[in-house]
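# Coordinates in review
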Number of protein chains: 2
Amino acid sequence: MSRKIFHALVDPDEAIRLVIEKINPRPPGVEKVSLSNALHRVLAKDVYSPIDHPPFDRSEVDGYAVRSVDVEWSDELSPVYLKIKGRVKPGEKPVLEAGVKDAVEVATGAMIPRGYDSVVMEEHVERDESVLKVYRATPPGENISTAGSDISSGDLVLFKGTLLNHGHLALLAGLGINEVEVFKKPKAIVFSTGEEVVEPGSILEAGKVYDVNGTLITSYLMEHGVEAYYGGLLPDDYDVIRNRVQDALKKYDMVFTSGGTSAGLSDLVYRVFSDIGEILVHGLKTKPGKPTVIATSNKKLLIGLPGFPLSCYMILVRVVSEIVKLYTGALYNVKTIDAVIPIQIRKQVGKTWLIPVMLTESENNYAAYPVSMSSGAISPLILSDGFVEVKESVDVVMEGEQVRVYLFRDLPEKTRLNVIGSNDPLLTEILRLKGLASTSRILNVGSTGGWKAVARGEADVAPTHLLDEETGCYNTPFLKKYGLEDKAVLIRGYDRLIGIIVGKGNPKNITSIEDFLRTDVRIVNRSKGSGIRVYLDMALKRIASLKGLDPSKISKIVNGYTYEVKTHTAVATAIKQGRADAGLAVGYVAELLGLDFIPLTWEEYDFLIPRKRLVKDSVIKLIDALKHLDEVLDEVGPLFKKYFRASENSGFEKVTCFEKT
Amino acid sequence: MSRKIFHALVDPDEAIRLVIEKINPRPPGVEKVSLSNALHRVLAKDVYSPIDHPPFDRSEVDGYAVRSVDVEWSDELSPVYLKIKGRVKPGEKPVLEAGVKDAVEVATGAMIPRGYDSVVMEEHVERDESVLKVYRATPPGENISTAGSDISSGDLVLFKGTLLNHGHLALLAGLGINEVEVFKKPKAIVFSTGEEVVEPGSILEAGKVYDVNGTLITSYLMEHGVEAYYGGLLPDDYDVIRNRVQDALKKYDMVFTSGGTSAGLSDLVYRVFSDIGEILVHGLKTKPGKPTVIATSNKKLLIGLPGFPLSCYMILVRVVSEIVKLYTGALYNVKTIDAVIPIQIRKQVGKTWLIPVMLTESENNYAAYPVSMSSGAISPLILSDGFVEVKESVDVVMEGEQVRVYLFRDLPEKTRLNVIGSNDPLLTEILRLKGLASTSRILNVGSTGGWKAVARGEADVAPTHLLDEETGCYNTPFLKKYGLEDKAVLIRGYDRLIGIIVGKGNPKNITSIEDFLRTDVRIVNRSKGSGIRVYLDMALKRIASLKGLDPSKISKIVNGYTYEVKTHTAVATAIKQGRADAGLAVGYVAELLGLDFIPLTWEEYDFLIPRKRLVKDSVIKLIDALKHLDEVLDEVGPLFKKYFRASENSGFEKVTCFEKT
């Protein structure tokens, strides 16, 4: 198989350097906008204060303007008497001037009349008509903000390149500035390519996937100050691509393409770019990200990005954002943080690796857990926080080593609740009810995955319903098995009714797990490590031994045994859509989707929590909700009450093996 | 003086609770928008995945789809031979099915034909026409992402209330969703009041200040998902305010007013609110923030906010944002972090204090330094990071105590460079040149202030040019005086030429500091603690002793001695605008503003840096720039070269007392 060899791969920094050198990206111009239109625009000039602020000597309190020499000897026992000459309100220009032994009433914010040098507060005087008794001496300057003491005329207040937020705008308003010069927004158009992708909203034929990158790139650029448009899908045709790109160059500063995943298509994009412009970068020395092409035509920028969404995303953040910020003129830095790598990473030298990671709190820092990057996966677009760059020359990153993480978005709040483990609909509702939905990250990795995540320090909460075969106990025996007795506690959760979900009216007449062995029944299974999967496997083993079958082979008889999904709703949906006839799940989802349900058992759904995380606000809220589970069940609705029930010990530590009910 | 007494002041949480109870704020409705219009909108419904992702079993590599049973025994020495039956490209629906001992070529992303259960990678085979030699066994599932393994149909992927960013939109696109239901934006109008405020852009008469709150509230609401408009200034007139507010209630969900600083005006707002609606909150039990009024009319919200910008800002963040988020339906939490209070705070019980703070790194945490809040100051709008709430019942917060900080905006990056101390134009340019402008916070508190900030652990860098009277040395003697020898190092900066700045053509014929004693000369001074102020005071003392005057009184003879500004440009601007005749500053600013300059001395401008901060990226960059100061001077332009010069040791530790040159 012959394939185009990419020559002279460059690393990300070199790619950025080449673009800067050749194109010198800069904003397309400057325009004046009013303050009310300036939010999130980029300042095109340094702003020096045109005025002093406050603009005049101003009283900071309600009281009386006095000359400090007049009240120098006053105290509680021997007040000084002054004559009140008048009053100044905020906004008034005083006409009075100070005389010997007199005073003027001033409100907070009022201008100090000429000649007075301090203000004595209301609470330190007594007034009798026009006579003021002053009980306290005020040194010069007391209770006065002098003109320019906050900001002086001529002070540099905002740098050119400032991305204007509400605070900046308020400051500018206070300085009397109602119009600012900002950079015009650069314009970009984004095309997708690839015979395998179709537009979101259209029908998905077999073998096709929906286009992610068009939306990803366009909205990423919009969030970074670019006027970006999605230009649609380009066919696998040299002439069409060339014409569309050439047209686009007339209107836009930047033209983006992405995909396809095949080498053939990136060749096509490369040929078009090279025929209408000059290639600056043909391939990055990164994994992933290699099929990145950067070219210029008439000082405009052409970028072809990788087809896999996560690869595309990482190159957007690592390379494109650095170029885009020059086009916008904004002075931001690409967001990075330092984090600790909790597990060793081995790689070959010769390529820089970009590894998506999920951040979790660790001692006083963040830990960056590599996220397995299946080609084309899209859930990491929201579940990973950024990526680690492991340089070309490095062959191993040791456990505990400090690495730099490039963030996909703002740093996750340290208050984020990482829920890693078993999936449950009631838990979702509890998080929502307690205001934790926005700050929770829920990873459905199954009960076993949750135990491992706690062991690694990754999870705040691991929901679990693992049944121990030997003892018949849920969850408690595993504390010892995983060696977590010192490190974590099990908090008693609730019971949930699980069973077999079947189609409405139970068309295949399924009554027990034994029916899963029938050739006319196809099941949908849960992923390995999930509590329900463990339950099924135990049940199948029992059936095997009853029937005299080989317990290690019985799963091969079950149609659809390898058809795995990660959530209860996914089990129900598969049955609803006819992709399977039966599956195990919590009964709640059957009713939700209008399916039939054959109850099997109440299982104990508990929460494994690292001791150190017990002090976390969000963890406290969750445990508190468990302690008041009956109220929670009242709030979330009657459907839940049929399939979930509180235990006496809900929300409290579970130490003994509860009897199965 | 009679003043309205506020009854039943409530704390912020109670105020929020009252609003929720009475108004039950919620989004004004739901609308469908296309993905391209959904950025930063709020999802109005949970999103469950309508498809499996990937939608089919998909190859993760370039290679050959095989049945694992066929290659079970293959290895490097004994390859298995398979017949190549065809090829599947990405996007194609395979027509083939697996047969015994055959294989199909698949590209990354291609659909796996029915019957094959693994993919052997290109690098583990050899191909000869239609015969494939397989050198490695592949277990079932190898190199295949199975349908739904990333996301299963029916999975809850996004919560109702999610504020959609580029990642969410990309995920939705990948699931084929091209339209989402989002909440309609709530609408608000913002009025300012107060006889003392005028609109930005208009002429500032004596005693007036520019309105800050109109812009602050409007843009804050816009940033938080509200369609907010500024309605202008309302006069101090009951009927006008009432009519405008009543009109506004027809169109808007929320009506805001702010100000005035006088009790009279907040009474007016209160009267209007109470006459057209029901008062929910009349005064907060906070300091500041007391004159906050909340009312409702026809389930709509009326809020009167305090007049002082910083008070207004804190109540916006503490109270209003919690209400606004219910109107928008967004699931965010008001941003808070825990920080350590580095200095003791004493207060009276009975009121909750809101104290603006600046965050700086401390060990593994943030330290929250209270910012002095002069009434009406506006620089804290951008220089403070948030505020601490000290509860009603607390009378003292101990040094080192952990407190909760409500953030005004995103958490400052830990990489931020806190430059606290002496002001210098060249330093500003160095920061800009080194890409540090956006991440630097520059506080001009004078050299002395910088030393104190280092002692408190607050500054990363304290620029300083303090002359020690006894030794005639710059900066070094103060390491001992401040007891900082172990904690900090002095890095040699550069020399700058300071002198007397006078009007163009030197109209008052000023030739030396002695002329500052003339009655016809008015100076502009720098703030206490600045190096130049110290220099001036020493010069005046010398003159006093030469002239036989009392050195402690000589400053009283100098006109304008108490007219203090914080920056060099502010000195020059004061002279340019005729507010003063002379002042001391670095010569650069004289030339910049076209003024005359009488050189006095080259002073040593150095950088005090805590040892622990020497490892910080931004600090390293700054020191590196100092080491290459000649190059920097070349880049920033010839004007700087006349007034600034590198020393041999620029960028290196300064240990001995350098001779003055």
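Residues numbered from 1 in each chain as written. Chains lettered and ligands numbered in written order. Predicted model: local features only at pLDDT ≥ 70, side-chain atom pairs only at ≥ 80, totals over all residues. Heavy atoms only, no water.

### Some thoughts on the overall build of chain A
From N to C terminus, chain A includes 17 helices and 37 strands. Across the 661 residues in chain A, those meeting the buried criterion constitute 59%. Put simply, of all contacts in chain A between residues at least 6 apart along the chain, 74% involve residues at least 24 apart. For chain A, the computed accessible surface area is about 26500 Å², with 50% contributed by carbon and sulfur atoms. Of the charged side chains in chain A, 82 are positive and 87 negative; the average position of the first set lies 6 Å away from that of the second. (Helix = DSSP H or I, 4+ residues; strand = E, 2+ residues; numbered from the N terminus. Buried < 20%, exposed > 50% of the residue type's maximum accessible area, 1.4 Å probe, protein only. Contact = heavy atoms within 4.5 Å. Areas by Shrake-Rupley, 256 points an atom, 1.4 Å probe, with all protein chains shown as cover. Lys, Arg positive; Asp, Glu negative; His and termini not counted. Charge placed at Lys NZ, Arg CZ, Asp CG, Glu CD.)

### Here's the deal with the confidence of the model for chain A
Residue and element names in this part refer to chain A. Averaged over every residue, the pLDDT of chain A is 91; residues scoring 70 or more account for 96%. Counting contacts from residues 1-6, a segment whose pLDDT is below 50, to residues more than four positions away or on other chains yields 11 contacts. Per the prediction output, this complex has pTM 0.90; the corresponding ipTM is 0.91. (pLDDT = per-residue confidence, 0-100.)

### Observations regarding the interface of chain B and chain A
Taken together, the contact pairs 107 residues of chain B with 106 residues of chain A. Here chain B is connected to chain A by six salt bridges. The tally of links between chain B and chain A comes to 36 residue pairs in polar contact (both at pLDDT 80 or more). By residue number, the principal contributor to the side of chain B that touches chain A is helix 3 (residues 166-174) of chain B, which donates eight residues. (Salt bridge = Lys/Arg side-chain N within 4 Å of Asp/Glu carboxyl O. Polar contact = N/O pair within 3.5 Å; in protein donor to acceptor, adjacent residues only side chain to side chain.)

### Regarding the pattern of salt bridges
On inspection of all chains with the given rule, the structure shows 92 salt bridges over all chains. Notably, a salt bridge pairs Lys85 of chain B with Asp102 of chain B, separated by 2.8 Å at the nearest N-O pair. In this pair, Lys85 of chain B sits in strand 5 (residues 80-88) while Asp102 of chain B sits in strand 6 (residues 102-106), placing the two residues 17 residues apart along the sequence. For Lys85 of chain B, a relative accessible area of 32% gives the class partly exposed. For Lys528 of chain B, the salt bridge identified is with Glu564 of chain B, shortest N-O distance 3.2 Å. Pair noted here: Lys528 of chain B is in the loop between strand 33 (523-526) and helix 12 (531-547) and Glu564 of chain B is in strand 34 (residues 564-565), with a separation of 36 residues, a long-range link. For Lys528 of chain B, a relative accessible area of 59% corresponds to the exposed category. One connected set of salt bridges, linked through shared partners, spans Arg492, Asp495, Glu604, Asp606, Arg645 and Lys654 of chain A.

### Some details on the environment of Glu223 of chain B
Mapped onto the elements of the fold, Glu223 of chain B is located in helix 4 (residues 213-223). Between the alpha carbons of Glu223 of chain B and His40 of chain B there is a distance of 9.9 Å; along the sequence they are 183 residues apart. Aside from chain neighbours lying at most four places away, what touches Glu223 of chain B is Leu39, His40, Asn165 and His166 of chain A.

### Concerning the side chain of Ser145 of chain B
Among the secondary structure elements, Ser145 of chain B is positioned in strand 10 (residues 144-145). Residue Ser145 of chain B is classed as buried on the basis of its relative accessible area of 5%. Here Glu60 of chain B takes part through its side chain, which lies 3.4 Å from a polar atom of the side chain of Ser145 of chain B. Those residues in contact with Ser145 of chain B, other than ones at most four positions away along the chain, are Ser374 and Ser375 of chain A together with Pro54, Phe56, Asp57, Arg58 and Glu60 of chain B.

### Structural notes on helix 10 (residues 446-455) of chain B
Helix 10 of chain B sits mainly inside the fold: eight of its 10 residues count as buried. Considered for burial, the residues of helix 10 of chain B that qualify are Gly446, Ser447, Thr448, Gly449, Gly450, Trp451, Ala453 and Val454 of chain B.

### Observations concerning the pairing of strand 9 (residues 131-134) of chain B
A regular strand places its side chains on the two faces of the sheet in alternate fashion. Residues and elements named next belong to chain B. Only one face of strand 9 is covered, namely the one carrying Leu132 and Val134; the face carrying Val131 and Lys133 has none of its residues buried. For strand 5 and strand 9, the ladder comprises four bridges, and the chain directions are antiparallel. Paired with Tyr81 across the two strands is Lys133, which belongs to strand 9. Inspection of the sheet shows strand 8 (residues 125-128) paired to strand 9 by four bridges, in the antiparallel sense. Paired with Glu126 across the strands is Lys133, a residue of strand 9. Connecting strand 8 to the antiparallel partner strand 9 that follows it, the hairpin turn spans two residues, and Glu129 within it adopts a positive phi of roughly 50°. (Pairing = 2+ DSSP bridges.)

### A word on helix 4 (residues 238-251) of chain A
Residues and elements named next belong to chain A. Relative to the 20 Å expected for 14 residues at 1.5 Å per residue, helix 4 spans 21 Å between its end C-alpha atoms, a close match to the ideal helical length. Turning to helix 4, its buried residues are Tyr238, Ile241, Val245, Ala248 and Leu249. In a view along the axis of helix 4, the buried residues occupy a sector of 110°, so they form one face of it. Of the exposed residues in helix 4, those oriented more than 90 degrees away from the buried face are Asp239, Lys250 and Lys251. For helix 4, the N-terminal capping position is held by Asp237, with its side-chain oxygen 2.9 Å away from the main-chain nitrogen of Asp239. (Expected span 1.5 Å × (residues − 1). Arc of directions from axis to C-beta.)

### Observations concerning the sheet that holds strand 7 (residues 118-121) of chain A
Residues and elements named next belong to chain A. Pairing in this open sheet of six strands is mixed, and the strands run 7-4-6-5-9-8 from one edge to the other. In this open sheet, the two edge strands, each paired with only one partner strand, are strand 7 and strand 8 (125-128). The sheet shows a mean angle of 40° between the axes of neighbouring strands, direction not considered. (Axes fitted to C-alpha atoms, helices over the stretch in contact; angles between N-to-C directions.)

### A word on unusual backbone geometry
The bulk of non-glycine residues show a negative phi, and the bulk of peptide bonds are trans. The omega torsion across His53 of chain B and Pro54 of chain B is -10°, close enough to zero to call that bond cis. Relative to the elements of secondary structure, Pro54 of chain B occurs in the loop between strand 2 (47-48) and strand 3 (58-59). Within the chain, His40 of chain A stands out as a residue other than glycine whose phi angle is a positive 65°. Residue placement: His40 of chain A occurs in the loop between strand 1 (30-34) and strand 2 (47-48). Among the residues examined, His40 of chain A registers a relative accessible area of 44% and is labelled partly exposed. A positive phi angle, close to 55°, is found at Asn298 of chain B, a residue other than glycine. Considering the arrangement of structural elements, one finds Asn298 of chain B in the loop between strand 20 (293-297) and strand 21 (300-305). Assessed through its relative accessible area of 75%, Asn298 of chain B is described here as exposed.

### Some remarks on the relation of the copies chain B and chain A
The two copies are related by a screw motion: chain B maps onto chain A through a turn of 180° and a shift of 0.1 Å along the axis, at an RMSD of 0.1 Å. Read as a symmetry element, the transformation amounts to a two-fold axis. Same-surface contact between copies: 99% of interface residues of chain B are shared with the interface of chain A. (Least-squares fit on C-alpha atoms with pLDDT ≥ 70 in both.)

### Details of the sheet that holds strand 18 (residues 278-282) of chain A
Residue and element names in this part refer to chain A. An order of 16-13-17-21-20-18 is seen for the six strands of this open sheet, with the pairing classed as mixed. In this open sheet, the two strands that pair with only one neighbour each are strand 16 (227-234) and strand 18. The mean angle between the axes of side-by-side strands here comes to 20°, regardless of whether they run parallel or antiparallel. As paired elements, strand 18 and strand 20 (residues 293-297) share four bridges and run antiparallel to each other. Bridge pairing in strand 20 places Ile279 opposite Ala295. Seen against the sheet, helix 6 (residues 309-328) touches strand 17 (254-258), strand 20 and strand 21 (300-305) and runs at an angle of roughly 170° to strand 21.

### Focus on the domain arrangement of chain A
Taken domain by domain, chain A holds domain 1 (12-26 + 185-328), domain 2 (30-53 + 150-183), domain 3 (58-145), domain 4 (336-412) and domain 5 (418-646). If you average the C-alpha positions of domain 1 of chain A and of domain 5 of chain A, the two centres end up 43 Å apart. (Domains from an automatic or database assignment.)

### Observations regarding the packing of aromatic side chains
In total, this model carries 30 aromatic pairs over all chains according to the counting rule given. Here the aromatic rings of Tyr588 of chain A and Phe640 of chain A are separated by 4.1 Å at their centres, their planes lie at 20°, and the arrangement is stacked. With Tyr588 of chain A in helix 14 (residues 587-592) and Phe640 of chain A in helix 17 (residues 638-643), the pair connects residues that are 52 residues apart, well separated along the chain. For Phe640 of chain A, a relative accessible area of 3% translates into the label buried. Through a chain of ring-to-ring contacts, the aromatic side chains of Tyr494, Tyr588, Tyr605, Phe607, Phe640 and Phe644 of chain A assemble into a single cluster. When the ring centre of Tyr332 of chain A is taken as reference, the NZ or CZ atom of Lys325 of chain A above it lies at 5.9 Å. One residue, Lys481 of chain B, lies across the ring of Phe478 of chain B, its end atom 5.1 Å from the ring centre. (Phe/Tyr/Trp six-rings, centres within 6.5 Å; stacked < 30°, edge-to-face > 60°. Lys NZ or Arg CZ within 6 Å of the ring centre and 35° of its normal.)

### Considering the pairing of strand 6 (residues 102-106) of chain A
All names here are of chain A. Among the five residues of strand 6, five are classified as buried, and the element is accordingly described as predominantly covered. Of the two faces of strand 6, both are covered, the one formed by Asp102, Val104 and Val106 as well as the one formed by Ala103 and Glu105. In the sheet, strand 4 (residues 63-66) pairs with strand 6 via three bridges, with the strands oriented antiparallel. Within strand 6, the position partnered with Tyr64 by the bridge is Glu105. Relative to strand 6, strand 5 (residues 80-88) runs parallel, the two sharing five bridges. Each residue of the ladder has a partner; that of Ile84, found in strand 6, is Ala103.

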